[in-house]
Structures are given as C-alpha cells and as structure tokens.
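# Overview (structure and organization)
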Amino acid sequence: MKKKETGFDKLARLIKSEGEDIRKEMATKDDVASLYRTTAKQDDIAEVRRDMATKGDVEDAKEEVLEVLRPYRRAVDKDALAIVDHGVRLVRIEEKLGLSLKK
C-alpha cells in the first residue's frame, strides 16, 4: 500500500529536485579555470594595443611605399610619352612622303 504524500514530503521532494537541477547546470571548478585561462586580461589587451599600428604608423608606411613607387610612375609616363611622340612623328613623315595609310 502506497503512503499518501504529505505537503511536507512534496515540498522536500521539490526542493531536492531543484537542488539536483542546479547542481547539473552549475559551473565546476574546471569550467571556471578554463574560462579564466581563455579570458583576456588587461595586461594582454595592453600588449596587443602596444603592438597595433597607429594611424600615424600606417600613414608613414604608405608614404614610404609611395616614395619607392613614384620614380617608376614617372619613368612609365616618360616612356608612354616617347611612344606617343614617335607615333606622331611617323604619321607626319608618312604624310610628307605621301605614304599615309588612311583611306
């Protein structure tokens, strides 16, 4: 024969059940230690900030790169102008000689 559950017994059973649920969901020492190991500390953040390039650093690097590339751009421009100049000269010579290829 089953004994009828009293209000006190029911309360005790519910409290025990809730306690078990809380223990299942509760973080363990290992969980906390793992979280602590993976969380960045202020020293870590400060170190990253020291290593990061500032806007001024980026501008300086950009200027250094441009200093290297500018002479090449001028050289290409001069070569392009020389080719155009030769083309114009050839057209004029052909026209004077009556060799114009235009139809």
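A quick note: this is a predicted structure, and the numbers were derived from the prediction, not measured.

With that settled, the discussion passes to the overall build of the protein chain. Of the regular secondary structure elements, the protein chain holds 4 helices and 0 strands. Taking 2.2 N^0.38 as the reference for a compact globule, 103 residues should give roughly 13 Å; the C-alpha atoms of the protein chain span a radius of gyration of 41 Å, well beyond that estimate. Each of the three principal axes of the protein chain carries a C-alpha extent, and together these read 130 × 45 × 20 Å. Burial analysis of the protein chain (103 residues in total) assigns 1% to the buried set. For the protein chain, the exposed surface amounts to about 10500 Å²; the carbon and sulfur share of it is 59%. Side chains of the protein chain give 24 positive and 23 negative charges; the mean places of these two sets differ by 6 Å.

Our focus in this paragraph is the pattern of salt bridges. Applying the stated criterion to the full structure yields 3 salt bridges. The shortest N-O distance in the salt bridge between Arg70 and Glu63 comes to 3.0 Å. Here Arg70 falls in the partly exposed class, since its relative accessible area comes to 29%. Classification of Glu63 by relative accessible area gives partly exposed; the value is 34%.

Let us now look at a negative patch on the surface. Together, Asp57, Glu59, Asp60, Glu64 and Glu67 give the surface a local cluster of negative charge. Examined against the element boundaries, Asp60 turns out to sit in helix 4 (residues 55–97).

Let us look at the domain arrangement of the protein chain. Under the domain assignment used here, the protein chain contains domain 1 (1–52) and domain 2 (54–102). Using C-alpha coordinates to define each centre, domain 1 is positioned 70 Å away from domain 2.

Taken together, Val65, Val68, Leu69 and Tyr72 make up a surface patch of nonpolar side chains, about 410 Å² in accessible area. Along the chain, the position of Leu69 falls in helix 4.

On to the environment of Leu14. Along the chain, Leu14 falls in helix 1 (residues 7–25). Residue class for Leu14 comes out partly exposed when judged on its relative accessible area of 42%. For the pair Leu14 and Val48, spaced 34 residues apart in sequence, the C-alpha separation works out to 50 Å.

Here we take up the confidence of the model for the protein chain. Mean pLDDT over the protein chain stands at 81; residues scoring 70 or higher make up 95%. Across the protein chain, element-level confidence peaks in helix 1 with a mean pLDDT of 88 and bottoms out in helix 2 (residues 29–38) with 80.

How each quantity is defined
- Residues numbered from 1 in each chain as written.
- Predicted model: local features only at pLDDT ≥ 70, side-chain atom pairs only at ≥ 80, totals over all residues.
- Heavy atoms only, no water.
- Helix = DSSP H or I, 4+ residues; strand = E, 2+ residues; numbered from the N terminus.
- Rg over C-alpha atoms; globule rule 2.2 N^0.38 Å.
- Buried < 20%, exposed > 50% of the residue type's maximum accessible area, 1.4 Å probe, protein only.
- Areas by Shrake-Rupley, 256 points an atom, 1.4 Å probe, with all protein chains shown as cover.
- Lys, Arg positive; Asp, Glu negative; His and termini not counted.
- Charge placed at Lys NZ, Arg CZ, Asp CG, Glu CD.
- Salt bridge = Lys/Arg side-chain N within 4 Å of Asp/Glu carboxyl O.
- Patch = residues over 30% accessible without salt bridge, like charges linked within 9 Å, V, L, I, M, F, W, Y side chains within 5 Å.
- Domains from an automatic or database assignment.
- pLDDT = per-residue confidence, 0-100.

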